[in-house]
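# Summary of structural features
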Amino acid sequence: MVVFIDDILVYSRNKEEHEEHLRVVLETDRREKLYAKLEKCEFWLDRVVFLGHVVSGEGIYLDPQKAEALLNWDRPTRPMSLK
């Protein structure tokens, strides 16, 4: 599980392990009186974009849309002045 501010990412090696991980996380949230909005939750995804990265069974890699924005960034034409 990865937590970043108010986002929680639960990942597992297989569906059985994932079911157990989700159960533990959701039970812990309930016990600690932490609640999530169901409409903001996504379950059983094979691929998810999280903090600018794509997380899937193939691994973790930079979100191509983020890389594209950097690759298409205009090159500076003159030095930036420091004040």
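First, a word on scope: everything that follows refers to the structure included in this document. (Residues numbered from 1 in each chain as written. Predicted model: local features only at pLDDT ≥ 70, side-chain atom pairs only at ≥ 80, totals over all residues. Heavy atoms only, no water.)

To continue, consider the overall build of the protein. In terms of regular secondary structure, the protein is built from two helices and five strands. Its helices and strands in sequence order give the protein the pattern β-β-α-β-β-β-α, from N to C terminus. Taking 12 Å as the expected radius of gyration for a compact globule of 83 residues, we find that the protein reaches 19 Å, considerably beyond that expectation. Each of the three principal axes of the protein carries a C-alpha extent, and together these read 55 × 35 × 20 Å. Burial analysis of the protein (83 residues in total) assigns 16% to the buried set. (Helix = DSSP H or I, 4+ residues; strand = E, 2+ residues; numbered from the N terminus. Rg over C-alpha atoms; globule rule 2.2 N^0.38 Å. Buried < 20%, exposed > 50% of the residue type's maximum accessible area, 1.4 Å probe, protein only.)

With respect to the helices and strands, the residue His18 is situated in helix 1 (residues 15-31). What makes His18 buried here is its relative accessible area of 12%.

We now examine the pairing of strand 4 (residues 53-56). Taken together, the four bridges between strand 3 (residues 47-50) and strand 4 define a ladder with antiparallel strand orientation. Note on strand 4: the bridge partner recorded for Val49 is Val54. Linking two consecutive strands that pair antiparallel, namely strand 3 and strand 4, is a turn of two residues; a positive phi of about 55 degrees is found at Leu51 within it. Of the strand pairs in this sheet, strand 4 and strand 5 (residues 59-62) are connected by four bridges, and their pairing is antiparallel. Each bridged residue has a counterpart across the sheet, and for His53 the counterpart in strand 5 is Leu62. Linking strand 4 to strand 5, which pair antiparallel, is a turn of two residues. (Pairing = 2+ DSSP bridges.)

Moving on, we get to the layout of surface pockets. Computed from the structure, the largest pocket encloses a volume of approximately 1,600 Å³. Ile8, Leu9, Val10, Leu22 and Glu42 are, among the 41 residues lining the largest pocket, the residues nearest its centre. Contributing elements (two or more residues each) for the lining of the largest pocket: strand 2 (7-9), helix 1, strand 3, strand 4 and strand 5. In terms of residue count, the dominant contributor to the lining of the largest pocket is helix 1 (eight residues). Considering only residue class, the lining of the largest pocket consists of 22 nonpolar, seven polar and twelve charged. (1 Å grid on protein atoms, 1.4 Å probe; cavity = no way out; pocket = protein on both sides within 12 Å on 5 of 7 lines; lining within 4 Å. Points joined across faces, edges and corners; volume = space filled by probe spheres on them. Nonpolar A, V, L, I, M, F, W, Y, C, P; charged D, E, K, R; others polar.)

At Ile5, a residue that is not glycine, the phi angle is positive and equals roughly 55 degrees. Summarising the element assignment, Ile5 is placed in the loop between strand 1 (2-4) and strand 2. One non-glycine residue, Lys33, adopts positive backbone phi at about 60 degrees. Structurally, Lys33 can be placed in the loop between helix 1 and strand 3. With relative accessibility at 62%, the residue Lys33 sits in the exposed group.

All quantities given are derived from atomic positions and should not be read as evidence of function.
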